[in-house]
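# Chains, contacts and geometry: an overview
Each chain, letter by letter, is given below.
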Amino acid sequence: PPVFDNSSAPVIRAPRGPQRTAKGWIQEAAKRMLMNNLDPEVAEHPQELVVYGGRGKAARNWAAFHKIVETLDRLDNDETLLIQSGKPVAVLRTHEFAPRVILANSNLVPNWATWEEFDRLDQAGLMMYGQMTAGSWIYIGTQGILQGTYETFAGAADKHFGGSLKGTVTVTAGLGGMGGAQPLAVKLAGGVSITVEVDPTRIQKRLETRYLDEVAENLEDAIGRAEKYKAAGEARSIGLLGNAAEIIPQLVELNWTPDLITDQTSAHDPMWGYLPVTTPDEDAAVLRKDQPEVYQKRAYDAMAAHVRAILELQKRGAVAFDYGNNLRQRAREAGVENAFDYPGFVPAFIRDSFCEGRGPFRWVALSGDPEDIYATDRALLELFPDDARLQSWLTYAADQIAFQGLPARICWLGYRERDRAARLFNEMVADGRLKAPIVIGRDHLDAGSVASPYRETEAMLDGSDAVSDWPLLNFGVGIASGAAWMSFHHGGGVGMGFSQHSGLVALADGTPEAAERLSRCLTNDPAMGVLRHADAGYERAQDVARERGLDLPSLGI
Ligand code: NAD
């Protein structure tokens, strides 16, 4: 990766409160959210402008960052700022209802869409990697990951275990940046988990931050504890130090089958992510440095052994799913021909939600006051009294999750729900129940905003996994509907060449104009999820389209 001279990098924290320096609230919100992405509480490596996800950045370099801030402060309410891979390239006269910022990050013509070409351009200073919400200024820290992971396990509970993971044991691996959310998410869904992690410092960190409850001495001890909690119907998380490529096959040998099995080690990267099995007198880092080919071969062999064991446990009755880390693909490359016999998490548990336009709706209080978020929590609990999953998530989240940077919240809402929530927030700003405007956005991992054949669009009913017309239409619809800022990215989540996706952010500042923008944006954006799935032949999506009044000419709806 490129080396930056960041010796003079400033420490960034977004301004708070109801006073603004920009000429409109949207410009002010964009500026604060860019800054919030780089807040040391929020970003992984703020000095290098890296927010999360390997090297997902908020701006191309510090000069570009300062130029963006300066430009947002002078931007008029009928102008639009264009950002090309983290660099502000133009201010154009548009109109009042247009987005104030349009961003494009890491996009390459398909034949050139490789990490090699991207790295060349990155090093030449011509591009940056935007990941998903890093380059589109709407990252909200760990809460976003925890909630998505909870949705997945709650989806598994609905599909296989009568609505709760109570009395079940999940076995998984990886307690890293994202994987570390697994034990708490399983617990929230009512279940017991054993998470295997090779690095003791990761286990310690999750214990300290209460994402993990306890650590077992060895595998037998872990199984014993898990069985005890399972029998008592107690939700509890257990960590286990070890290599998944050894531990998971040992479960097969011990003839012990968990209820659910998955994995979130960094299998997407066989050189720097997934650790091969080593002997006690071997140092993996030295092996990687001195014999990279041997190291990589052993990592592949380990992933093959790991996946073979998952497949065997699946045969014995465990519900197995891939958690978007490309482990199956690596195992297939290492000779496990039937590696894809277990599904990815989207087709397994999330697609039904996508058919209803359900996905990650998030919001941020520009006041900086946590009370504003608690007020919105209460308002949503009242607005959606029958949504059991939302009720349990918001009730739990409200008193357990530490805010990072500007106070923020996330929950999953669907088509004709998000617009209601957004309008309610706008009313609350207007009548003073909230102290300052609320930024409303979402992940790019959403119902109608991404094409990613090994993740969000895996195994589409009509085989249209790789069609990226849909995220492009989503990008266009967001602009036409009056988003505050709108972005189009390539390579988020799964890397260059594997995904294209769009991001939407809107603003509730209490004005009638905001109410209009919010109604259109937050109706049309999740509508894209419903219509994309209806078009692919999903009956649930077609029913939702009929029931909730979409107009889909080719389907006669
Ligand atoms: P990370 O690099 O921060 O953490 C990975 C962890 O796995 C590390 O703590 C590492 O020590 C551990 N590990 C590596 N090899 C191991 C082995 N053989 N046995 C046991 N532990 C091992 O990565 P992360 O941010 O937690 O993400 C993990 C993976 O999950 C990535 O591939 C990511 O792309 C994927 N992911 C997908 C989704 C999704 O699809 N929604 C969400 C989150 C993460």
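About the criteria used
Each chain has its residues counted from 1, following the order in which its sequence is written. Where local features are concerned, this predicted model is filtered to residues with pLDDT of at least 70; where side-chain atom pairs are given and counted, the filter is 80 or more; whole-chain, interface and lining totals use all residues. A set of buried Ala, Val, Leu, Ile, Met, Phe, Trp, Tyr and Cys residues, joined through C-beta atoms within 7 Å, is what we mean by a nonpolar core. The exposure label follows from counting other C-beta atoms within 10 Å of a residue's C-beta, where the C-beta atoms are placed from the backbone and the thresholds are 20 or more for buried and 12 or fewer for exposed, leaving partly exposed in between. By the criteria applied, helices consist of DSSP H or I runs no shorter than four residues and strands consist of E runs no shorter than two, each listed in order from the N terminus. Once C-beta atoms are placed from the backbone, any two residues with those atoms within 7 Å are in contact. UniProt positions are given in the numbering used here, feature names are shortened, and annotations may be inferred rather than shown by experiment. At least two bridges found by DSSP between two strands is the condition for calling them paired.

### Focus: the nonpolar core
Judged by nonpolar contacts, the single largest core of 165 residues is most densely connected at Ala30, Val364, Ile438, Val439, Ala506, Leu507 and Val530. Per-element accounting of this core gives the leading share, ten residues, to helix H10 (residues 292-315). Apart from residues no more than four positions distant in its own chain, valine 364 is found in contact with Met33, Ile140, Leu406, Ala408, Ile438 and Val439.

### Notes on the UniProt feature "domain: Urocanase N-terminal" (unreviewed entry) in the chain
In the UniProt entry, the feature "domain: Urocanase N-terminal" (unreviewed entry) is given for residues 12-138. In residues 12-138, helix accounts for 28% and strand for 18%; the two terminal C-alpha atoms are 15 Å from one another.

### Concerning the pairing of strand E14 (residues 438-442)
Side-chain direction in a regular strand flips from residue to residue, so the side chains alternate between the two faces of the sheet. Counting buried positions along E14 yields five of five residues, so the element is predominantly enclosed. Across the two faces of E14 the burial is the same, with Ile438, Ile440 and Arg442 and Val439 and Gly441 all buried. Bridge count for strand E12 (residues 359-365) against E14 is five bridges, and the pairing is antiparallel. Each residue of the ladder has a partner; that of tryptophan 363, found in E14, is isoleucine 440. In terms of strand pairing, E14 meets strand E17 (residues 500-508) through four bridges, oriented antiparallel. Note on E17: the bridge partner recorded for isoleucine 440 is alanine 506.

### Observations regarding the sheet that holds strand E11 (residues 319-320)
Taken in spatial order, the six strands make up an open sheet running E8-E9-E7-E6-E10-E11, and their pairing is parallel. Looking at which strands have only one partner, the edges of the open sheet turn out to be strand E8 (214-215) and E11. Bridging between strand E7 (residues 192-197) and strand E9 (residues 236-241) involves six bridges; their strand directions are parallel. Across the sheet, residue valine 192 finds its bridge partner in E9, namely arginine 236.

### Some remarks on unusual backbone geometry
Note: most residues except glycine have negative phi, and most peptide bonds are trans. Here tryptophan 137, not a glycine, exhibits a phi torsion of approximately 60°, which is positive. Among the structural elements, tryptophan 137 can be located in the loop between helix H3 (115-123) and helix H4 (142-160). Even without a glycine there, the phi angle at asparagine 255 is positive, about 65°. Within the secondary structure, asparagine 255 sits in the loop between helix H8 (244-254) and strand E10 (260-261). Exposure remark for asparagine 255: the 7 C-beta atoms within 10 Å place this residue in the exposed category.

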